[in-house]
Structure formats: structure tokens, C-alpha cells
Amino acid sequence: MVKPPAISARSVSFYYGEFQALRDINLEIAKDEITALIGPSGCGKSTFLKLLNRMNDFVPGARLSGEIIIGGVNVYGPQADPVEIRRKVGMVFQKPNPFPKSIYDNICYGPRLVGVKKKSALDEVVEKALKAAALWDDVKDKLNKSAFELSGGQQQRVCIARALALEPDILLMDEPTSALDPIATAKVEEWIKQSKLSIVIVTHNMQQAARISHGTAFFYMGELIEFAPTLTLFTSPKESRTENYITGRFG
Amino acid sequence: MKESNGVHTINQGLESGSKAGYSNKIFTLRPRLSPAEKGSRLFFLICAILAMGQMFLIMVFLFKEASGLFISKPGSPALSLVDFLGRNDWYPTYPDATFGALALVAGSISVALFSTFLATPVGLGLAAYLSCVASQRRRELFKPMVELLASVPSVILGLVGMAVLAPFLQQALNIPTGLNLFNASVILAIMAIPTIASLAEDALSAVPRDIQDASYALGATCWETIWRVILPSAMGGLATAVILGLGRALGETMVVLMVAGGAAQIPNSLFDSVRPLTATLAAEMGEAAIGGRHYQALFALGAVLFLTTLAFNLLAWHLSRRWRGAR
Ligand SMILES: Nc1ncnc2c1ncn2[C@@H]1O[C@H](COP(=O)(O)OP(=O)(O)OP(=O)(O)O)[C@@H](O)[C@H]1O
Ligand SMILES: [Mg+2]
């Protein structure tokens, strides 16, 4: 039995004002798998990622054509509610961006928005999310300390836990380890590999894509050049542009 | 960060330069100042000293002129500070003149507080609208307009208070005079709103974009993001905006002179006439004999005003610094 895809993008083109950042992207992202987006700087990876949870709504003059279907619904359809979508599709940003609040309040931010008030329920959410992000043992004794007092890697895992607290179906990660040292990177990667979520991760690090992802999509100048199982893409790419990129000939 | 880096490289340069004998390396790292540059540095230093010195001289002058009131001399008994600020008998021109300024202080405080109370929600709301809700285009239209409003001369607003608001209040509420605490507070609030809105908008815009994004990405709406993320982070700046607005209202003279009514009494209601410190100074200074007790008392009022606004500004400065550090 084939699972339905977690996300399918159908002829998606996207414009920042006059500038076309994405050209006719067609992509099916598998459920419960890890999909990596790679490509040279400025090729539209972040743009594509942000389309998936409508974080591009805030950009003045942005336009989209095509459809993005998540859970059977067009994310940009007339019925779609961006707030609802962002709860189901979590996001972790390139730079750790915890709120200037305690670790506890950071994790509770999402649940509180949906109306969870009871202390016991929140306590449970916090513990579960922090355990899921492999941070519980590091911080269980200082939940009321400011999240700013943690190391960069720990902050990033707070951000992951914060997204997980809403129990999203899909997690989008935009270069989540680019600000981290190798040890913290390894911890985040470890977490990604064992998680059971559908994850879309943008990365500049090809070893990272190879280590953790099931499928890899190569973007170049706003186009999706090639999308294949990671091993295939890295060992026998069909397109010469993909090969040039992964062998380091440009980008 | 940057500076310490700079220092670091300079030191390194010095060390390696002196060790290896490349003395010219030092000069490439720390260029020698040209005479023109030296001259302009000196010029700016003098400007800074002048500005500071001027402030200091004003203070000395105020306190010197005021001090006579509190020092006993033949023919003029000393007034204690407690009597000056704590008694309600401002009769400076009577033969047996008394100088208890409580009613004037109460006038200033009531007008400043009530106008801030009126201006704060509007100013903060306007700032929130400008920085979070308005489209780019509207923001570009409104922000300069708000700043323009701040430059309307206060005497013009005073005229509006006298000619429009006062008769309206008098008729609508059937009170003896429309020139009162309420009127003055409304006009002062109109004056303070641009100050508060503009400073608050700066504070809101200074909240890092990435934590706002984090909030939206967790399914927060615009208002939830304002309440839960932007407001708490901008609190220092917002408090500063309000305090500076309050300071402005305390120091403002023309409006209160024109529309507060001028009765030296402790107000019982919002519709009583009052006479703030500033209005008293402006109205009475021309008539006070130079060097006399009335003159000294007015300078003492000036000193009180000066110290209060100074305190407010220091508080605002302290708050904005502390919060910036916490961020
Ligand atoms: N807010 C914006 N307004 C206008 N143009 C933008 C905006 N954001 C991105 N772009 C442009 O869209 C293109 C794609 O940008 P995007 O951020 O998606 O690239 P990226 O693949 O994520 O690059 P990187 O690897 O450097 O993060 C770039 O040419 C960029 O200049
Ligand atoms: Mg990017």
C-alpha cells in the first residue's frame, strides 16, 4: 500500500514582485520521510520551504500560482486558514530564535495559543516535547531559566521542541544546523533521523543531506532540476547540473 | 564586539611590528590624523563641552536665584522646603506674602498624569497599528504625518482648546468654565500622542524580526504576536516613550497657560480650573521684582520643574538601557 504524499506541489511558480523566484515546481514529498532540499545560494530553497506553511504571506508584493496540497487541502485555496496550517506544519529556522522567555514558556507558546491552560497539561507537553528534542536531560532542572542562557545548539533544540509541542504533521527546517558546532549538529541530526515525522530540510551541507535524508531535491535558479532517492541522486544523478553541483563544480 | 576586534588587531600589529621591525605596519593599522581631522575633532569636543557647560550653568543659576527663599535674611524669613511644597497658600503679591506651592504642584501633576492617561492608549495603539497592522503604503503615509503633528506649535493647539474645546465643554456639561484640567489634559494629550507613538513605533520595530516569525510559525495571529512577543520585548522602549511623553506634558507651558483656567487650587474634579507650575512661572515672572521673594519663589518652582523633568528623563534613559541589555 502506498501512502499518500505529505505534500504535493503542483506547477508552483512564485514571484517577489517582478522577480520570479520559483518556476513551475512539481514535487511530491513522501509522508514520514526526510526530504532534503539542496542547491546553490539564492536558488529558491527557503522560498519554497516558506511557501509550505505560508510564511511568505508577509512579504509585500509576493504572488503565487499553482497549488500546494497538504493533507488533501490546497494550502492556498480559498478555504485554507494560514493559522491552522502553521499549527500542522511546524518550522525551525536557520538561526536559533527562542523567545526572550523561559525555556518552559518557549515550549508552551504554541499550546497556550490553542487554549491549553492547565498547569498539569502544560507540564506534560513540555516534558514530552523536550524529551522528543533530546533536550530534557540538559534542561530539566532549569526550565524557568531564560532560553537565552543556553548554548546555540541547545537553543536550536528548544526551537525544535517548541515546534513539536504542537504535534505537527510536518516539520520544515531551514538550514537548522548552519549556526551550530559539530557536536550540536550531530545531536540535531540524530534527532531528525530517529523522529517519525515528515521532515523537509534545507541544507548546504551535502554530507548532511546524504546522512539523514531519504529523498533529495536539487534546485537551481528557481527550478527543480532533479528529485530522487538520496542515494541515487548522489551516486548517479541524471542531470549534468546536479552532478556539477554535488561534485562542487559550481555553487 | 567590533571595537574589541579592532583593538585586538592593533595590538597584534604593534607586537609583530616591533618584533620584526616593520614599524610602518603600525601606521597602516592606526592611520595618523590629518590636521583637518584633528581640528574637527577639537571642534566637536568644544561643542560637547559647551552643551554640557550650558546645562550646568542653567542649573547653577536656577539654584542660586532660588536659594534666597530658603535662607533667612533680615526682612525676609526663611521658608522651609516642606512649607514651600507642602502648603497650599500661594499668595505671592499680598503684603504678607506666602509661597506654599502645593496647589501648583498638584495642578502640574494632575494635568500631566491625566493627559498621559489619555495619550498612552492612543499613542501605543497608533504605534501598534503603524508597525504591525498597516500596509507598507499606509505606514509610509502615516508615520511622517504623525511626526508632523509633533511639530504643530503648542500655541495653535492652545487656540483650539480655547476657541473650540472650551465652549463645547462649557455647554455640553453645563459647567462655569471650559478652561480647566480636562481641557488642558486633552490638548496636552494631543500634543503627546505623536511623541509617544513615534517613540513606541521605534521600540516595536526594533523587536527582532526572527522572533516575530517564530510566533507566526507557531500559528499565532498578528494580535497574538503583538501581545505575547512584541509588547513584552518592546516594554522598555514603550515605558520610555510614555515617560518622555509625561515629561513633555509636565514641562509644556503654553497650552496650560491658555486653557487650564489658572486657578491656584487643588482640583477636586476633572472640570476644576488648575494652575500648573509652568503656567505660574510664565504668568508671574514679568511682574515679580528682580531679586525679591516672589522672584526667588518662581525660581524655586523652576528648579522643582527642572529636577522633575530631569528625573523623568534619567528614568527613561535608565529603562531603555536596562531593557536593551536584557534582550
Ligand atoms: N523578501 C524577498 N523579496 C525579494 N526577493 C527575495 C526575497 N527573499 C528572497 N528573495 C530572492 O529570491 C531568490 C531565492 O531566495 P531564497 O532565500 O529562497 O534562496 P535560498 O535558496 O534559500 O538561498 P540560501 O541558500 O542563500 O538561503 C533570491 O534571488 C533572493 O534574492
Ligand atoms: Mg535560504
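Residues numbered from 1 in each chain as written. Chains lettered and ligands numbered in written order. Predicted model: local features only at pLDDT ≥ 70, side-chain atom pairs only at ≥ 80, totals over all residues. Heavy atoms only, no water.

Sorry if this is basic, but what is going on with helix H1 (residues 45-52) of chain A here?
In an α-helix, one full turn covers 3.6 residues, which means residues spaced three or four apart are oriented alike. By the criterion of burial, H1(A) is predominantly enclosed, with 6 of the 8 residues buried. Arg54(A) occupies a position one or two residues after H1(A) and carries a positive phi of about 60°. (Buried < 20%, exposed > 50% of the residue type's maximum accessible area, 1.4 Å probe, protein only. Helix = DSSP H or I, 4+ residues; strand = E, 2+ residues; numbered from the N terminus.)

Is there a simple way to explain the sheet that holds strand S9 (residues 215-220) of chain A in this structure?
Whether parallel or antiparallel, the strands of a sheet pair through hydrogen bonds between backbone atoms. Residues and elements named next belong to chain A. Spatially, S6-S7-S8-S3-S9-S10 is the arrangement adopted by the 6 strands of the open sheet, whose pairing is mixed. In this open sheet, the two strands that pair with only one neighbour each are strand S6 (89-92) and strand S10 (223-229). Going from strand to strand, the sheet's axes swing by 20° on average, the running direction of each strand aside. Sheet topology note: the strand S3 (residues 34-38)/strand S8 (residues 198-202) ladder contains 4 bridges and is parallel. (Pairing = 2+ DSSP bridges. Axes fitted to C-alpha atoms, helices over the stretch in contact; angles between N-to-C directions.)

Looking at this structure, how should I read the site of ligand 1?
All names here are of chain A. Among the 13 residues in the neighbourhood of ligand 1, the closest are listed as Ser41, Lys45, Ser46, Thr47 and His204. At 2.6 Å, a side-chain N or O of Ser46 approaches an oxygen atom of ligand 1. In this structure, Glu175 approaches ligand 1 through a side-chain N or O atom, which is 3.4 Å from an oxygen atom. For ligand 1, the accessible surface in isolation is 630 Å², of which the surrounding protein chains cover 62%. Broken down by secondary-structure element, the contributors of at least two residues to the shell around ligand 1 are strand S2 (19-29) and H1. (Near = heavy atom within 4 Å. Polar contact = N/O pair within 3.5 Å; in protein donor to acceptor, adjacent residues only side chain to side chain. Areas by Shrake-Rupley, 256 points an atom, 1.4 Å probe, with all protein chains shown as cover.)

What am I meant to see in the interface of chain B and chain A here?
Taken residue by residue, the interface counts 18 residues in chain B and 22 residues in chain A. Regarding the contact of chain B and chain A, the summed buried area is about 1700 Å², with carbon and sulfur atoms giving 66% of it. Taken as a group, Ala217(B), Leu218(B) and Arg228(B) account for 37% of the area that chain B buries against chain A, more than any other trio of residues on that side. Here Lys95(A) ties to Asp210(B) by a salt bridge, and the two come within 3.2 Å at their closest N and O atoms. At the boundary of chain B and chain A, one finds 5 residue pairs in polar contact (both at pLDDT 80 or more). Looking at the side of chain B that touches chain A, the elements that each hand over two or more residues are helix H9 (209-217) and helix H10 (222-251) of chain B. Among the elements that take part in the side of chain B that touches chain A, H9(B) stands out by supplying 8 residues, more than any other. Classifying every residue of the side of chain B that touches chain A gives 7 nonpolar, 5 polar and 6 charged. (Contact = heavy atoms within 4.5 Å. Buried area = accessible area lost by both parts, 1.4 Å probe. Salt bridge = Lys/Arg side-chain N within 4 Å of Asp/Glu carboxyl O. Nonpolar A, V, L, I, M, F, W, Y, C, P; charged D, E, K, R; others polar.)

Is there a simple way to think about the environment of Leu81(B) in this case?
All names here are of chain B. By secondary structure assignment, the location of Leu81 is in helix H4 (residues 81-86). For Leu81 and Arg209, which are 128 residues apart along the polypeptide, the C-alpha to C-alpha distance reads 51 Å. Beyond its immediate sequence surroundings of up to four residues, Leu81 is in contact with Phe70 and Gly86.

How should I be thinking about the confidence of the model for chain B in this particular structure?
Residues and elements named next belong to chain B. Of the residues in chain B, 89% reach a pLDDT of 70 or more, and the chain-wide mean stands at 83. Segment residues 1-27: pLDDT under 50, and 10 contacts once partners within four positions in sequence are set aside and those in other chains are kept. Predicted complex metrics record ipTM = 0.90 and pTM = 0.72. (pLDDT = per-residue confidence, 0-100.)

I keep staring at the packing of aromatic side chains and nothing clicks. Help me out?
This model, assessed by the stated rule, comprises 16 aromatic pairs over all chains. Centre to centre, the rings of Phe70(B) and Phe84(B) are 5.6 Å apart; their planes meet at 80°, and the pair counts as edge-to-face. With a gap of 14 residues between them, Phe70(B) in the loop between helix H3 (35-67) and H4 and Phe84(B) in helix H4 connect regions that are remote in the sequence. A network of ring pairs unites the aromatic residues Phe114(B), Phe117(B), Phe182(B) and Phe271(B) as a single cluster. If you follow Arg162(A) out to its NZ or CZ, it ends over the ring of Phe99(A), 4.5 Å from the centre. Residue placement shows Arg209(B) over the ring face of Phe58(A); its charged tip is 5.7 Å from the ring centre. (Phe/Tyr/Trp six-rings, centres within 6.5 Å; stacked < 30°, edge-to-face > 60°. Lys NZ or Arg CZ within 6 Å of the ring centre and 35° of its normal.)

Would you mind showing me how to read the domain arrangement of chain B here?
Residue and element names in this part refer to chain B. Structurally, chain B comprises domain 1 (36-80) and domain 2 (98-326). With both chains or domains summed, domain 1 and domain 2 bury close to 1200 Å², and 78% of this area falls on carbon and sulfur atoms. If you sort the residues of domain 1 by the area they bury against domain 2, Leu62, Glu65 and Leu69 come out on top, with a joint share of 42%. Between domain 1 and domain 2 we count 1 residue pair in polar contact (both at pLDDT 80 or more) in total. Residue composition of the side of domain 1 that touches domain 2, grouped by class: 12 nonpolar, 2 polar and 1 charged. (Domains from an automatic or database assignment.)

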